[in-house]
Amino acid sequence: MTERSKGLGTRLTHGGRDPSRQYGAVNPPVVRASTVVFETVEAFERTRDHRQGSDRFGYGRFGTITTASLESLASDLEGAADSFLVSSGLAAITTALLAVLKAGDHLLMVDCAYLPTRTFCQRVLIPMGVEVDYVPSDSGGEIEARFKDNTKAIFLESPGSLTFEMQDLRAIAALAKPRGIVTLTDNTWASPLGCRPLSLGIDISLHAATKHFVGHSDAMLGIICCNEATLTPVHRMAQALGQAAGSEEAYLGQRGARTLEVRLARASESALRICQWLQDRPEVARVLYPPLPSDPGHALWQRDFNGACGLFSVVLAEGYEKPAVAAMLEGYDLFSIGASWGGYESLVRTETPVRTARTWTDPGQIVRYSIGLEDCDDLLADLESGFQRLKTQAEGEL
Ligand SMILES: *Cc1c(COP(=O)(O)O)cnc(C)c1O
């Protein structure tokens, strides 16, 4: 049986580890290294980078057995030519963008991108001379009208992580490729289990591994998954920037990956049930979750994705203001208030979309939920009690 023909669960279980090379231990070792030593001057001078054929990892910053373990697993899952571990999800995004852009180039950036991705454009790319244009969050083939002679890259995030608009990755990649425009997508929401962007024609798939891969809210990690055409510039830029992931973080990322499929299945199942329940609540104007048939991105999600996760937002009905929303969130028993998501525990936070291409028009407050592995009935009861606080507080204000 070839690697490719094995099922997902099998690949997640066995990929990126080899007990016969790990002193028999099931898991790869956490190799802590800066210096790596050599027997001869010749071996030291020849090549010190395992990616360029050396039999050892030449220096801590180039990687370790531990980082290579997760890199090879991620490449297998994404169908990537190579993957690079970096210190955070944001570092994956910024390293990849710097690898494919230079002064004078034009970047199309999706409007619903993770806010720090937009901030990187404002604080780094634009000052260094890259032209940045924002395109609507539901972009597809019509994005072609925005291409310029100097367009070099298109950055997507489908679905957007706050508001969950879907872009047509396949249509955009098909238009970009013949023009030599590099396409990148932040694939954190779907994970490689829910979407394999490279198989849709995208060049670079990015992960905040902090979320689903690590899965236990205890490490920061990013992964850049590249096709053949982009792996050299990305590798060079990661090295030039001094990007390196810690061994402990890499270990936690590969360990989390072993249970990714079962965690995502559980969280998605609960999330869908909760979203269906939320849709019918009078306190809710709209639920933003592509797996819901009523979601504007549902058809694209169904066509190109194999799964989902536990992250979605709701737009509350008009008239509930900040104090009422705060009362709802602060009284939850199981949902903690906090940034990040994709851990085993449920989280909630408030959101304010930032938009350039198209103004966000929904008047209601936005609340984002990350559904964890608790029992769904308990989460529903917690949400129900939250709506009581929301209404009581709102009535008190009148
Ligand atoms: C959290 C997040 C990131 C950034 O990841 P960090 O590891 O926190 O730097 C990037 N993209 C999306 C969609 C995220 O949710």
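Look above for the structure.
Scope of this entry: the structure provided in the associated data block. (Residues numbered from 1 in each chain as written. Predicted model: local features only at pLDDT ≥ 70, side-chain atom pairs only at ≥ 80, totals over all residues. Heavy atoms only, no water.)

Thoughts on the packing of helix H10 (residues 260-279) against helix H13 (residues 376-397)
Turning to step 1, where the next piece is worked out: Contact geometry of H10 with H13 gives a least axis separation of 10 Å together with a crossing angle of 30 degrees. Between H10 and H13, the interaxial angle falls into the category roughly parallel. As for the relative orientation of H10 and H13, their crossing is right-handed in sense. Contacts between H10 and H13 pair Ser270, Arg273, Ile274, Trp277 and Leu278 from the former with Cys376, Asp377, Leu379, Leu380, Leu383, Glu384 and Phe387 from the latter.
Turning to step 2, where the next piece is worked out: Among the residues forming the contact of H10 with H13, the class breakdown is 8 nonpolar, 1 polar and 3 charged. (Axes fitted to C-alpha atoms, helices over the stretch in contact; angles between N-to-C directions. Helix = DSSP H or I, 4+ residues; strand = E, 2+ residues; numbered from the N terminus. Parallel < 35°, antiparallel > 145°, perpendicular 65-115°, else oblique. Left-handed = near helix turned anticlockwise from the far one by under 90°. Contact = heavy atoms within 4.5 Å. Nonpolar A, V, L, I, M, F, W, Y, C, P; charged D, E, K, R; others polar.)

Here we look at the nonpolar core
Turning to step 1, where the next piece is worked out: The biggest cluster of nonpolar side chains holds 114 residues, and the ones touching the most others in it are Leu107, Trp189, Phe312 and Tyr369.
Turning to step 2, where the next piece is worked out: With residues up to four places along the chain from it excluded, the contact list for Leu107 reads Leu97, Leu101, Cys121, Leu125, Val130, Glu131, Val132, Asp133, Ala153, Ile154 and Phe155. (Core = buried A, V, L, I, M, F, W, Y, C linked by side-chain atoms within 4.5 Å. Buried < 20%, exposed > 50% of the residue type's maximum accessible area, 1.4 Å probe, protein only.)

Focus on the layout of surface pockets
To find leftover empty space, one rolls a probe the size of a water molecule over the atoms.
Turning to step 1, where the next piece is worked out: There is about 490 Å³ of room inside the largest pocket.
Turning to step 2, where the next piece is worked out: As for the largest pocket, its lining consists of 34 residues, and the residues nearest its centre are Tyr114, Leu115, Pro116, Ser161 and Lys211.
Turning to step 3, where the next piece is worked out: Listing elements by their share of the lining of the largest pocket, those giving two or more residues are helix H4 (89-100), helix H5 (115-125), strand E6 (204-208) and strand E11 (347-351). (1 Å grid on protein atoms, 1.4 Å probe; cavity = no way out; pocket = protein on both sides within 12 Å on 5 of 7 lines; lining within 4 Å. Points joined across faces, edges and corners; volume = space filled by probe spheres on them.)

What to know about the pattern of salt bridges
Turning to step 1, where the next piece is worked out: Summed over all chains, the structure comprises 24 salt bridges.
Turning to step 2, where the next piece is worked out: The closest approach of N and O atoms between Arg11 and Asp76, which form a salt bridge, is 2.9 Å. Pair noted here: Arg11 is in helix H1 (residues 8-14) and Asp76 is in helix H3 (residues 65-78), with a separation of 65 residues, a long-range link. Just as Arg11 is buried, Asp76 falls in that class too.
Turning to step 3, where the next piece is worked out: Arg118 is paired through a salt bridge with Asp111; the nearest N and O atoms lie 2.9 Å apart.
Turning to step 4, where the next piece is worked out: Given the relative accessible area of 6%, Arg118 is considered buried.
Turning to step 5, where the next piece is worked out: Within this structure, Asp168, Arg170, Arg303 and Asp304 form a network of salt bridges that share partners. (Salt bridge = Lys/Arg side-chain N within 4 Å of Asp/Glu carboxyl O.)

Considering the pairing of strand E5 (residues 182-186)
Turning to step 1, where the next piece is worked out: In terms of burial, E5 is largely enclosed, as 5 of its 5 residues are buried.
Turning to step 2, where the next piece is worked out: A two-sided burial pattern is seen for E5, the buried positions comprising Val182, Leu184 and Asp186 on one face and Thr183 and Thr185 on the other.
Turning to step 3, where the next piece is worked out: Relative to E5, strand E4 (residues 151-156) runs parallel, the two sharing 4 bridges. Counted as the bridge partner of Leu156 is Thr185 from E5.
Turning to step 4, where the next piece is worked out: In this region the chain leaves E4, passes through helix H6 (residues 169-176) and returns to the parallel neighbour E5; the handedness of that crossover is right-handed.
Turning to step 5, where the next piece is worked out: By the bridge criterion, 3 bridges tie E5 to E6 in an arrangement that is parallel. (Pairing = 2+ DSSP bridges. Right-handed = clockwise from strand over helix to strand, strands pointing away.)

Topic: the site of the ligand
Turning to step 1, where the next piece is worked out: As a matter of local geometry, the ligand sits amid 13 residues, with Gly89, Leu90, Asp186, Thr210 and Lys211 nearest to it.
Turning to step 2, where the next piece is worked out: At a separation of 2.6 Å, a nitrogen atom of the ligand approaches a polar side-chain atom of Asp186.
Turning to step 3, where the next piece is worked out: Relative to its unbound accessible surface of 370 Å², the ligand loses 93% to contact with the protein.
Turning to step 4, where the next piece is worked out: Assessed atom by atom at 2 Å from the grid points, the ligand resides in the largest pocket.
Turning to step 5, where the next piece is worked out: For the shell around the ligand, the element with the most residues is H4, which contributes 3 residues.
Turning to step 6, where the next piece is worked out: Class assignment for the residues of the shell around the ligand results in 6 nonpolar, 4 polar and 3 charged. (Near = heavy atom within 4 Å. Polar contact = N/O pair within 3.5 Å; in protein donor to acceptor, adjacent residues only side chain to side chain. Areas by Shrake-Rupley, 256 points an atom, 1.4 Å probe, with all protein chains shown as cover. Sits in = over half its atoms within 2 Å of the grid points.)

Notes on unusual backbone geometry
Turning to step 1, where the next piece is worked out: A cis amide bond, omega -5 degrees, links Ser158 with the succeeding residue Pro159.
Turning to step 2, where the next piece is worked out: Tracing the backbone shows Pro159 in the loop between E4 and H6.
Turning to step 3, where the next piece is worked out: A positive phi angle, near 65 degrees, is found at Ser191, a position not held by glycine.
Turning to step 4, where the next piece is worked out: Along the polypeptide, Ser191 turns up in helix H7 (residues 191-194).
Turning to step 5, where the next piece is worked out: The phi torsion at Ser217 lies on the positive side, around 55 degrees, for a residue other than glycine.
Turning to step 6, where the next piece is worked out: For Ser217, the location among the structural elements is in the loop between E6 and strand E7 (222-226).
Turning to step 7, where the next piece is worked out: Classification of Ser217 as partly exposed rests on a relative accessible area of 46%.

Comments concerning the sheet that holds E11
Hydrogen bonds between backbone groups are what pair the strands of a sheet, and the pairing can be parallel or antiparallel.
Turning to step 1, where the next piece is worked out: Pairing is mixed in the open sheet, where 5 strands are placed in the order E8-E9-E12-E11-E10. A strand with exactly one partner marks an edge of an open sheet, and here the two such strands are strand E8 (284-288) and strand E10 (336-337).

Focus on the side chain of Gln22
Turning to step 1, where the next piece is worked out: One can find Gln22 in the loop between H1 and helix H2 (41-46).
Turning to step 2, where the next piece is worked out: Polar side-chain contacts of Gln22 include one of 3.2 Å to the backbone oxygen of Val26.

What about the sheet that holds E6?
Turning to step 1, where the next piece is worked out: If you walk across this open sheet you meet the 7 strands as E1-E7-E6-E5-E4-E2-E3, and the pairing is mixed. Each edge of the sheet is formed by a strand with only one pairing partner; in this case those strands are strand E1 (82-86) and strand E3 (131-135). Across the sheet, the mean angle from the axis of one strand to that of its neighbour is 20 degrees, orientation sign disregarded.
Turning to step 2, where the next piece is worked out: In the packing of H4 onto the sheet, contacts are made with E1, strand E2 (106-110), E4, E5, E6 and E7, and the angle to E6 comes to roughly 155 degrees.

Here's the deal with the pairing of strand E12 (residues 366-370)
Turning to step 1, where the next piece is worked out: The buried count for E12 comes to 5 of 5 residues, which makes it a mostly enclosed element.
Turning to step 2, where the next piece is worked out: In E12, alternate side chains face the same way, and those of Ile366, Arg368 and Ser370 on one face and Val367 and Tyr369 on the other are all buried.
Turning to step 3, where the next piece is worked out: Relative to E12, strand E9 (residues 311-316) runs antiparallel, the two sharing 5 bridges. Opposite Val314, over in E12, you have Val367 as the bridge partner.
Turning to step 4, where the next piece is worked out: Across 5 bridges, the pairing between E11 and E12 is antiparallel. In the sheet register, Thr350 faces E12, and the bridge partner there is Val367.

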